[in-house]
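Structural characterization, general
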Amino acid sequence: MEAGTNNAQTTGSNGPSLTREQFLQAYQDMVLIRRFEEKAGQLYGMGLIGGFCHLYIGQEAVVVGIQMALKDGDKIITSYRDHGQMLAAGMTARGVMAELTGRATGYSHGKGGSMHMFSREKNFYGGHGIVGAQVALGIGLAFANKYRGTDEVSIAYFGDGAANQGQVYESFNLAALHKLPCIFVIENNLYGMGTSIERASASHELWRNGEPWGVPGRRVDGMDIAAVHEAAEEAVAHCRAGKGPYLLEMMTYRYRGHSMSDPAKYRKREEVDAVRKTRDPIEHVKQILLDSGVDEASLRSIENDVKAVVNDSAEFAQTSPEPDPAELYTDVLLEA
Amino acid sequence: MAIEVLMPALSPTMTEGTLARWLKKEGDTISSGDVLAEIETDKATMEVEAVDEGILGKVLVAEGAQGVAVNTPIAILVAEGEDVPDAVAPAQSDVAKNISHSETTAETSSAKDVRPSPLVTGVSSEPEKEWGETSEITVREALNQAMAAELRRDPDVFLIGEEVAQYQGAYKISQGLLAEFGENRVIDMPITEHGFTGMAVGAALTGLKPIVEFMTMNFSMQAIDHIINSAAKTLYMSGGQMGCPIVFRGPNGAAARVGAQHSQCYGSWYAHVPGLKVIAPWSAADAKGLLRAAIRDPNPVIFLENEILYGRKFECPTDEDFILPIGKAKIERSGTDVTIVSFSIMVGTALQAAEQLAEQGIQAEVINLRTLRPLDTATIVESVKKTSRLVTVEEGWPYAGIGAEVAMQVIEHAFDWLDAPPVRIAGEDVPMPFAANLEKLALPQPQHIVDAVKALV
Ligand SMILES: Cc1ncc(C[n+]2csc(CCOP(=O)(O)OP(=O)(O)O)c2C)c(N)n1
Ligand SMILES: [Mg+2]
């Protein structure tokens, strides 16, 4: 299997379903994630970020495409590979970078770190370090939407590795049983740490994993922003109409190691290089934009703007204070 | 604009590594994201990616070099047409300075000055509020009335669990609730504790207030990850943004003759966890007053009931607003000679022992903890200062149990008042046996307490 495999069920974009403005916006959002992650990798290398740090490089089209189909009030939850989701949800690069470096100005005041960030304001419910936990929590977000009688939907992102957890199937059943407006998004980047999907799952068509419960599923080329967006629109419409959950398998690829220290022995460099060269989601959008007549200079100006935002976030993080020692004891319990 | 590329660290503990190979050579054009080199330690390999663009002006550390210190400049990027600066100072870069700066802060910032004593509540001197008239009800009725009252009071409260709705509750605690509140608020769940607990926690993070009934607390182990990792820790990990107002309740401890997998006490398991509150009521009044407080509390609360007590009758205030504070123990019987600290069904056992001791002229003070976390240390300590002796009684295993914590609190706060070492009475350190005689031997009996006290006094 390879990223964005052209397979009978894989839907690619059939002509641009997005306007030029939308492509431009998507380009900017994706470049922001890529540059942000590169900077995070650099700060990690300098010892300014510690512990686990899972980069999203290569998978940018997935979150950006899905985010474009959402509206205010829709809720998002994901795993530890969460920086891209947060930026796409509109959380600030400054707040995220400051959290990565454990500073008081971070989204969790330095008490969460890379894997545990949240924003009540942006309806981003984390950042979860336990593989698969966010799926059950995610149907809870959808349960709340339904309980309150809104038409909001919830997105629960998880990996191909997480798709083997029992609670994922408990969640499919519960969501289908109670018709919860939850979109399950499997980011199939072909590996869970160093274990390829072939070695971990007897099911290689993850989009069909909800079938026993009647959860409709689609496999989508997750390197193609327009395809992602089109599938997300369909899934969102299904959920908003009260028809219950929907499953999207996004075929994607992570360029970097699982986290920062990765033995890199489980896949060949040629495999990574080939995806980078032929299927890069950002290059793909860039080409569409150039073909549509956008000039190089406009793209460069977007890139420069993004770079300024990222550099500013790194500067902000490094000059922000560490949390006050008294913070150690706050936020354990709320005052009754 | 020459930019130094520094030797990165693969982990916070890495101090040096091998520059395994260069993937770009001098003169190559670099865009950000390009892999420049590979570095290695004995544990892992990592790619060094360019964050800036330019031309690889000079390679400063050759391929194959070992023991390259983290943050050493390994290459220089220059702009088109720019010369490589001659003097490349291998001195501290700004970033390196920044790192050592943050290390010093960590060293000098001592948390000692701000440490609170979270385990001591210190509210015990306040007398308990008088609630007036009482009537006799069972613990089951008390729990049922508490849920009904809170479901009426707050539309964000709902009840989920196995058999809670149509079946009226596996132990009939939710009898009648479906009829009054409807299927949107009293919701049957499939046998899927991990899934529905996660779902309830997710809903609570949005501000809803679920009551999760476990058919027995034994099955909460299927869901313990969500209780601890998702419910108890999210407020902290989110810097105070995401509270989790949720109650996990169900029968706990030994039932009768159901064997090892259905008989154990989770008091010490859950009381271990910061971010949780843990309640273990004894009487109908405890059950009603504390369940109402648990449902209103903005934090995750574990509510440990006892199946054998469900049918027992107690006097309970009839006042519609009756509620009890979390974190406050109750002195069930005053005495001067020994303090017996207990909770849940063992309060009854302790009271029986106190009766027998009184006949022999020994006045025992019996404390019903009611809340296991936060522990009402003040009430315990005050009592021990009066009696100078401590016996703890619980049904759970002795090792790292609630008794161990209570004894430690007394040692910390009233050591000089003790006339004898504290004694703990607990369930035997074995899985619960099935045979009636063995089961009885495995659980604390009044006689054990009487004997322990007589040896102390
Ligand atoms: C319950 C649990 N088991 C194991 C781990 C360690 N772990 C962290 S990430 C990971 C791989 C998950 O892979 P996948 O779901 O494909 O997500 P990806 O990292 O590819 O985004 C593992 C095994 C964990 N965090 N939680
Ligand atoms: Mg994966």
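All figures in this text were calculated on a predicted structure; none of them were measured in a lab.

**Overview of the site of ligand 1**
Residues and elements named next belong to chain A. In the vicinity of ligand 1 there are 15 residues, among which Tyr80, Arg81, Gly161, Ala162 and Asn189 approach most closely. Residue His258 places a side-chain N or O atom 3.4 Å away from an oxygen atom belonging to ligand 1. The fraction of the free accessible surface of ligand 1 (590 Å²) that becomes covered by protein chains is 71%. When the residues that make up the shell around ligand 1 are grouped by side-chain class, the tally is 6 nonpolar, 7 polar and 2 charged.

**Observations regarding the packing of aromatic side chains**
Residue and element names in this part refer to chain B. Scanning the entire structure with this criterion turns up 15 aromatic pairs over all chains. Look at Phe214 and Phe248: their rings are 6.2 Å apart centre to centre, the planes differ by 15 degrees, and that puts the pair in the stacked class. One end of the pair, Phe214, is in the loop between strand S12 (209–213) and helix H5 (224–232); the other, Phe248, is in strand S13 (residues 246–251), and 34 residues separate them in sequence. Residue Phe248 is classed as buried on the basis of its relative accessible area of 0%.

**Quick notes on the pattern of salt bridges**
Residue and element names in this part refer to chain B. Tallying each qualifying case throughout the model produces 36 salt bridges over all chains. A salt bridge links Glu355 to Arg333; its shortest N-O distance comes to 2.9 Å. Remark: Arg333 occurs in strand S17 (residues 330–333) and Glu355 occurs in helix H9 (residues 346–359); sequence separation between them is 22 residues. The exposure class of Glu355 is partly exposed, given its relative accessible area of 45%. Put simply, Glu150, Arg153, Arg292 and Arg296 are held in one network by salt bridges that share partners.

**Thoughts on the side chain of Glu439 of chain B**
Along the polypeptide, Glu439 of chain B turns up in helix H12 (residues 436–442). One buried charged side chain, Glu439 of chain B, makes no salt bridge at all; its nearest oppositely charged neighbour is Arg257 of chain B, positioned 4.8 Å away.

**Section: the sheet that holds strand S20 (residues 371–373) of chain B**
What links the strands of a sheet is backbone hydrogen bonding, and the strands pair in either a parallel or an antiparallel sense. Residues and elements named next belong to chain B. Strand order in the open sheet made by the 7 strands is S11-S10-S12-S13-S15-S14-S20, with mixed pairing throughout. Edge positions in the sheet fall to strand S11 (186–188) and S20, since each has one partner strand and no second. The mean inter-strand angle of the sheet, taken between neighbouring strand axes irrespective of direction, is 20 degrees. Bridging between S12 and S13 involves 3 bridges; their strand directions are parallel. By the bridge assignment, Ile211 is partnered in S13 with Val247. Contacts from helix H8 (residues 284–296) reach strand S10 (157–161), S12, S13, strand S14 (277–279) and strand S15 (300–305), with the element oriented near 160 degrees to S15.

**A word on the sheet that holds strand S2 (residues 16–22) of chain B**
Ordered in space as S5-S4-S2-S7 (chain B), the 4 strands form an open sheet in which the pairing is antiparallel. Both edges of this open sheet fall to strand S5 (45–49) and strand S7 (68–69) of chain B, since each of them pairs with a single strand only. Bridging between strand S4 (residues 35–40) of chain B and S5 of chain B involves 5 bridges; their strand directions are antiparallel. When the bridges of S5 of chain B are listed, Val35 of chain B appears paired with Glu49 of chain B. This element, helix H9 (residues 269–279) of chain A, spans S2, S4 and S5 of chain B of the sheet and lies at about 30 degrees to S5 of chain B.

**Examining the domain arrangement of chain B**
Residue and element names in this part refer to chain B. The assigned domain composition of chain B is domain 1 (3–85), domain 2 (134–317) and domain 3 (330–456). Listed as interface residues are 30 residues of domain 2 and, on the opposing side, 26 residues of domain 3. Of the roughly 2,200 Å² buried between domain 2 and domain 3, counting both surfaces, carbon and sulfur atoms make up 59%. Contact with domain 3 buries surface across domain 2, with Arg257, Ala280 and Trp282 losing the most and accounting together for 30% of the total. Joining domain 2 to domain 3, the criterion identifies 1 salt bridge. Here Asp286 ties to Arg370 by a salt bridge, and the two come within 3.4 Å at their closest N and O atoms. Our enumeration of links across domain 2 and domain 3 arrives at 12 residue pairs in polar contact (both at pLDDT 80 or more).

Cut-off values and rules
Residues numbered from 1 in each chain as written. Chains lettered and ligands numbered in written order. Predicted model: local features only at pLDDT ≥ 70, side-chain atom pairs only at ≥ 80, totals over all residues. Heavy atoms only, no water. Near = heavy atom within 4 Å. Polar contact = N/O pair within 3.5 Å; in protein donor to acceptor, adjacent residues only side chain to side chain. Areas by Shrake-Rupley, 256 points an atom, 1.4 Å probe, with all protein chains shown as cover. Nonpolar A, V, L, I, M, F, W, Y, C, P; charged D, E, K, R; others polar. Phe/Tyr/Trp six-rings, centres within 6.5 Å; stacked < 30°, edge-to-face > 60°. Helix = DSSP H or I, 4+ residues; strand = E, 2+ residues; numbered from the N terminus. Buried < 20%, exposed > 50% of the residue type's maximum accessible area, 1.4 Å probe, protein only. Salt bridge = Lys/Arg side-chain N within 4 Å of Asp/Glu carboxyl O. Lys, Arg positive; Asp, Glu negative; His and termini not counted. Pairing = 2+ DSSP bridges. Axes fitted to C-alpha atoms, helices over the stretch in contact; angles between N-to-C directions. Contact = heavy atoms within 4.5 Å. Domains from an automatic or database assignment. Buried area = accessible area lost by both parts, 1.4 Å probe.

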